[in-house]
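Given next are the chains, with one letter for each unit.
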Amino acid sequence: MALSIADQLLREKGVRLQYTNAVSTVGMCLMEYEVRAEDRGVRLKKADVQIRKIAADIARGVQTKSFCSSRLLARGHEKLFDMVFKNTYKKFVLEDSCVGCGKCVKVCPAGNIALAGKKPAWGVHCMSCHACVHWCPKNAVTLGKSKGWLTYHHPEISFTKLVGMKDK
């Protein structure tokens, strides 16, 4: 859906995609799917190979067939996403193991988390990225029934690097 949405947004600005491709990697959406820890390395290696191929294609000026996006499909996905993730901010659970370190505040791309008495409090503008869950060093943040699910962040992205990228 990301390609369809990007294509539609670009078309609205008079731009057309000349190259499209997809890379299967490890997702972070807790409510969508979970990739087993032992499968992550294999998936990341395959993604690296695919990314190198895409970069080589683009460097050579390769163009793919025009991408056919469907506004109806994109809207359907958006409605489904809204249904599934509506009021996500109400579904976060904070375990007693929270030490109030504030990492969740720093990784939230929406600036939707604040520390209140050394404990995170979620605002209403959650983007459902689940970064707060995945980056909690104590696994103290869960979402709904996600307790015990695997958390993930790319092994080459450190907390410092992530926060630095966010500030740019």
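The structure displayed is predicted, hence computed values, not measured ones. (Residues numbered from 1 in each chain as written. Predicted model: local features only at pLDDT ≥ 70, side-chain atom pairs only at ≥ 80, totals over all residues. Heavy atoms only, no water.)

A look at the overall build of the protein chain
Short version of the rule: Starting at the N terminus, helices and strands are each numbered in turn, a helix being any DSSP run of H or I of at least four residues and a strand any DSSP run of E of at least two. To sort residues, take the accessible area from a 1.4 Å probe on protein chains only and compare it with the maximum for the residue type: under 20% means buried, over 50% means exposed, and anything in between is partly exposed. Accessible surface is estimated by sampling points in the Shrake-Rupley manner with a 1.4 Å probe; for residues, cover comes only from the protein chains shown.
When helices and strands are counted, the protein chain shows six helices and four strands. Beginning at the N terminus, the succession of helices and strands in the protein chain can be written as α-α-α-β-α-β-β-α-β-α. Looking at the protein chain residue by residue over its 168 residues, the buried ones come to 28%. Carbon and sulfur atoms make up 58% of the accessible area of the protein chain, which totals about 11,200 Å².

Description of helix 2 (residues 37-59)
Definition in use: In a helix, the anticipated span is given by 1.5 Å times the number of residues less one.
The end-to-end C-alpha distance of helix 2, which contains 23 residues, comes to 34 Å, matching closely the 33 Å that a straight helix rising 1.5 Å per residue would cover. When helix 2 is considered as a whole, its buried residues turn out to be R40, L44, A47, I54 and D57. Positive backbone phi, approximately 80 degrees, marks G61, located one or two places after helix 2.

A word on the pairing of strand 3 (residues 119-122)
In plain terms, the rule: Pairing between strands is defined by DSSP: at least two bridges between the two strands are required.
Alternating residues of strand 3 divide into P120 and W122, all buried, and K119 and A121, none buried. Summarising the sheet, strand 2 (residues 113-116) and strand 3 pair through four bridges and their orientation is antiparallel. Looking at the pairing, I113 lines up with W122 of strand 3. Count of turn residues in the strand 2/strand 3 antiparallel hairpin: two residues, of which G117 carries a positive phi of about 60 degrees.

Thoughts on the nonpolar core
Applicable threshold: Here, nonpolar core means buried Ala, Val, Leu, Ile, Met, Phe, Trp, Tyr and Cys residues that are tied together by side-chain atoms lying within 4.5 Å of each other. The criterion used for residue contact is that any of the two residues' heavy atoms lie within 4.5 Å.
Core analysis: the largest hydrophobic core is formed by twelve residues, namely F92, C98, C104, C108, I113, W122, C132, V133, C136, A140, V141 and L143. Only helix 5 (131-135) and strand 4 (141-143) provide two or more residues apiece to this core. What A140 contacts, discounting residues up to four positions off in sequence, is V93, L94, E95, S97 and C98. Counting residues in each nonpolar core, the second largest holds five residues, with A131, W135, F159 and V163 among its members.

Examining unusual backbone geometry
Residues other than glycine predominantly adopt negative phi, and peptide bonds predominantly adopt the trans conformation. You will see that K118, though not glycine, has its phi angle at about 65 degrees, which is positive. Topologically, K118 is positioned in the loop between strand 2 and strand 3. Owing to a relative accessible area of 63%, K118 belongs among the exposed residues under this scheme. Look at S128: it is not a glycine, yet its phi comes out positive at around 60 degrees. Within the secondary structure, S128 sits in the loop between strand 3 and helix 5. A relative accessible area of 8% places S128 in the buried class.

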